[in-house]
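Structural overview for review
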Amino acid sequence: MRVFALAGRRLAASLPTLLIILVGVFLLLQLAPGDTVDALMAQMGGGGDAQVAADLRAFYGLDLSVPAQLGNYLWRLVRLDLGFSSIYGKPVATVILERLPATLLLMASALSFAFFFGLVLGVLAARRVNGWPDTLISTLGLVFYATPSFWFGLMAIVLFAVHLEWLPAGGFEEIGAGYTGLRRVLDIATHLVLPTLTLGLIFLAIYLRIMRASMLEVLNLDFVRTARAKGLDETRVVVKHVLRNAMLPMVTLVGLQAGTMLGGSVVVESVFSLPGLGRLAYESVVQRDLNTLLGIVFVSALLVITVNFIVDLLYARLDPRIGAGG
Amino acid sequence: MSAVLSLQGLTVALPKGADRAHALENVSLDLNANEILCVVGESGSGKSMTASAIMRLLPPGVRISGGAVRFEGKDLATADERTMRAIRGAGIAMVFQEPMTALNPLRTVGDQIGEMFRIHAGLPAKQIAARTLALLEEVRIPHPAQAARAYPHELSGGQRQRAMIAMALALDPKVLIADEPTTALDVTTQAQILHLIRDLQRRKGTAVLFITHDFGVVAEIADRVAVMQHGVVVEQGAASQVLHAPQHPYTKALVAAVPPLHAPPPRPLSDDTILRIESVQKTYRTGGFLGRGARVTHAVRGVTLDLPRGATLGVVGESGSGKSTLARCIVRLIEPDGGAIRLEGTNLLALRRREMRQAARRVQMVFQDPFGSLNPRRRAGELVAQGPIVHGASPAAAMARAKELFALVGLDPAATERYPHEFSGGQRQRIGLARALALEPEVLVADEPVSALDVSVQAQVLRLLAELRERLNLSIVFITHDLRVAAQVCDIVAVMKEGEVVEHGPIGRVFTDPQHAYTQALLASVPGRDFAPAA
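Residues numbered from 1 in each chain as written. Chains lettered and ligands numbered in written order. Predicted model: local features only at pLDDT ≥ 70, side-chain atom pairs only at ≥ 80, totals over all residues. Heavy atoms only, no water.

If you tally the helices and strands in chain A, you get twelve helices and two strands. Ordered by position from N to C terminus, the α and β elements of chain A give α-α-α-α-β-β-α-α-α-α-α-α-α-α. For chain A, the spread of C-alpha atoms along the three principal axes comes to 85 × 55 × 40 Å. In chain A, which comprises 326 residues, the share counted as buried stands at 44%. A separation threshold of at least 6 residues defines the contact pool for chain A, and within that pool the share at least 24 residues apart is 74%. Accessible area for chain A stands at about 16,500 Å²; split by element, carbon and sulfur atoms hold 69% of it. If you average the places of the 24 positive and of the 21 negative side-chain charges in chain A, the two averages end up 15 Å apart. (Helix = DSSP H or I, 4+ residues; strand = E, 2+ residues; numbered from the N terminus. Buried < 20%, exposed > 50% of the residue type's maximum accessible area, 1.4 Å probe, protein only. Contact = heavy atoms within 4.5 Å. Areas by Shrake-Rupley, 256 points an atom, 1.4 Å probe, with all protein chains shown as cover. Lys, Arg positive; Asp, Glu negative; His and termini not counted. Charge placed at Lys NZ, Arg CZ, Asp CG, Glu CD.)

In structure tokens:
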């Protein structure tokens, strides 16, 4: 109950943030030269029929003043209508829904990969602190952290897709192969291996460092000494007493970095030509597709808020002291 | 009587570069069944290291380099890790000092006690739950069933320590090592826990190795005493003998440094009141979103006290009684909600910021923690000179004054160039005093100034404080939880409980003839209250 009260408060607090983001992006895009109609006209092969352009502007409501446009947009949003994308010729909601699964899948797999291996490697490094496993793991972590992810992606394509031909170089699935059921799942999975690694490695490096540091800190706490004095062996001490305590800072970090991860997926989706939200966002900026872009901002903000909400719940579940008021 | 646990010439080596070569040197102790052996010493004496060495839970780099630890026919100094794990918890159990941190905050108390049975006995879950409950009943925790389901933060300090004891006694160990188990507790709770340990020890015939720095506790609980200094046992014997007829000079000095609970004859007090605290109020409101779940704590409610010029007013009470909040209200580190603080008639609470800064030099504060209250990045001299510089002194004059003050508080004037970490705890508290005195205050507010110090250092600092009071005609508000210390330094004492002063008056009267039930309980709880060193 206290957990939900806490989470509800967090949720309420994120609403103003969402509004500020939306208004900010809306105004920012007004500053960019050109609008959807310019982009459309360019697509249709240019030609400067001013009357057609003016008609189109009136049709899309672009002839109104900026505050009126903003007001219209927000009012539609309240009714959960994300508007119509003039570039794609269908409702924004449909466009986003088509792209959402790829991004969600990529984020979830990269996050799980980074979290799991960051945890394991961090624990290993902390157990053998200053020994060779620690040095090796910490050095690797530094390398992953320092290397730009697009370069990682490109090198991975060169090695695994071009030279070794083990994995596909890009795309979400084999188009036209017509796979169904388990075969399709496998196909998507092989396509996601390289993007997941590329996106996950940098986060793995961060989680690994955090985990190592917090393990070392927790290992020095009094209750660990109590556990040892009870006659627990080292493995049980780590699994039963240290791990959960050491995971708390890492869980916080996951919530904080959900947004960063969404940003990182733009690069990775471009490198691996994945049809995801990140690519869609980039394309809508280029094409001045304001409705789609705002829709993406709205959905990503919702995504980040949801991840944080889950992290909050998880945190309260992990730590009984949270929400106790102290 | 045969020894259950026997240390024979135990030597523990410290890593190279430590301040001494051995943490323990040739320590020989015998712990018999059904007795409490107190190991006493000041910080750095190696008393806690002895416990760690017996359990073989030494910090990395520290190792046993000689001697033997005999327990049940085995030598624990050379036993393998597997054997040690079987003995830890089941044969020799431990209770630690900090009940706050010695339990895992993320697991329930019952779960952590049950773990003892899971690792050593392998009982079915149902039986474990029943045994855990029985243990919690045995250590007389209120509502044992609820306590078993509670997380450590939901219990009070005393309850947590009871849970720790329950955990240690789960498998009926032959030996219980208690490392300062009551140091972090309030005096009334401490009395209960000591009583509990004594009682359980009698009933179960456990041998208890009780580590403490407090001679009051020793007098209360010990059958035999071993005194340690710099890793060496300097004296051991029956409690009565060591306490009343100490042989070794170090023991003599330690015993003599224990302040007796009865007050010295009263000093004449001035009729002139320098500081008047008038119905001061402070209420804390925490948490709460849109008014939900808000908690209100009345830290100080309507306290009225007078401090005569040149006198020391003691404020005693347990944690949470509001004594520290009151101290901070006096110097306006915390803004009181109501009332007045009159310094020679001027109400400090009515002053504006700028005026208050001027007035601040007349009332200065000394803090408890000599480690946390000095900025580690500034030189000691700068810390002392800072106050006068803020109030307009030239840096050169302020530094010269700092050197004089160092001499005044018994430090080497050349030490002004050093950083706080280069000083010992007692020396740091002297720096804290010099810093407070730099502004030539008339009133000194000392918040637990000696609680973090060893007993011999404590005696020195108290002597210094008394000396300075005479020489500089200071009036002191002295906050303490230690009634022995209060008895020695205070002229008037106020006993606080839950934000209110329940009793106040001349110390001799309050301590010999307490009127309020709480004062009586407090005095009755002081460990070894009848023990006073032979003067």
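Moving on from the coordinates now.
This paragraph deals with the domain arrangement of chain A. Residues and elements named next belong to chain A. Taken domain by domain, chain A holds domain 1 (2-92) and domain 2 (100-287 + 303-315). Taking the mean C-alpha position of each, domain 1 and domain 2 sit 33 Å from one another. Contacts between domain 1 and domain 2 engage ten residues on the former and seven residues on the latter. Summed over both partners, the interface of domain 1 with domain 2 comes to about 890 Å²; 68% of that surface belongs to carbon and sulfur atoms. Area buried by domain 1 at its contact with domain 2 is led by Ala-7, Leu-11 and Tyr-88, which between them contribute 39% of it. On the surface where domain 1 and domain 2 come into contact, there are zero salt bridges. Summed over the shared surface of domain 1 and domain 2, the number is one residue pair in polar contact (both at pLDDT 80 or more). If you list the elements that add at least two residues to the side of domain 1 that touches domain 2, you get α1 (2-31) and α2 (36-43). Among the elements that take part in the side of domain 1 that touches domain 2, α1 stands out by supplying five residues, more than any other. For the side of domain 1 that touches domain 2, the residue count by class is six nonpolar, three polar and one charged. (Domains from an automatic or database assignment. Buried area = accessible area lost by both parts, 1.4 Å probe. Salt bridge = Lys/Arg side-chain N within 4 Å of Asp/Glu carboxyl O. Polar contact = N/O pair within 3.5 Å; in protein donor to acceptor, adjacent residues only side chain to side chain. Nonpolar A, V, L, I, M, F, W, Y, C, P; charged D, E, K, R; others polar.)

A word on the domain arrangement of chain B. Residue and element names in this part refer to chain B. For chain B, the assigned domains are domain 1 (1-91 + 177-257), domain 2 (97-172), domain 3 (273-362 + 441-525) and domain 4 (373-440). In this complex, domain 3 contributes 17 residues to the contact, which on the side of domain 4 involves twelve residues. Between domain 3 and domain 4, a total of about 1,300 Å² is buried, with carbon and sulfur atoms accounting for 69% of that surface. Per-residue buried area on domain 3 facing domain 4 is highest for Arg-361, Pro-441 and Leu-464; these three make up 39% of the total on that side. Between the two partners, domain 3 and domain 4, sit zero salt bridges.

The subject of this paragraph is the interface of chain B and chain A. Counting residues at the interface gives 28 residues for chain B and 24 residues for chain A. Taking both sides of the interface into account, the surface hidden between chain B and chain A amounts to around 2,300 Å²; carbon and sulfur atoms contribute 60%. Applying the counting criterion to the chain B and chain A interface returns one salt bridge. Put simply, A:Lys230 and B:Glu115 hold a salt bridge, and the shortest N to O gap is 2.7 Å. Our count for the contact surface shared by chain B and chain A stands at 13 residue pairs in polar contact (both at pLDDT 80 or more). Those elements that provide at least two residues to the side of chain B that touches chain A are β6 (92-95), α3 (109-120) and α6 (157-168) of chain B. Per element, the largest residue contribution to the side of chain B that touches chain A is five residues, and it comes from α3(B).

Moving on, we come to the pattern of salt bridges. Residues and elements named next belong to chain A. Inspection of every chain in the model, using the stated rule, returns 42 salt bridges over all chains. One salt bridge connects Asp-134 with Arg-212, and the closest N-O pair in it is separated by 2.7 Å. With Asp-134 in helix α6 (residues 132-146) and Arg-212 in helix α8 (residues 181-219), the pair connects residues that are 78 residues apart, well separated along the chain. The class for Asp-134 is buried, based on a relative accessible area of 3%.

Residue and element names in this part refer to chain A. In this structure the tally under the stated criterion is five aromatic pairs over all chains. Ring centres of Phe-115 and Tyr-207 lie 6.4 Å apart, and the angle between their planes is 70°; on these two criteria the pair is classed as edge-to-face. A residue pair is termed long-range when its members are at least 10 positions apart, and Phe-115 in helix α5 (residues 92-127) and Tyr-207 in helix α8 qualify at 92 residues. Residue Tyr-207 is classed as buried on the basis of its relative accessible area of 0%. Members of the aromatic cluster, each reached through a chain of ring pairs, are Phe-113, Phe-116 and Phe-117. (Phe/Tyr/Trp six-rings, centres within 6.5 Å; stacked < 30°, edge-to-face > 60°.)

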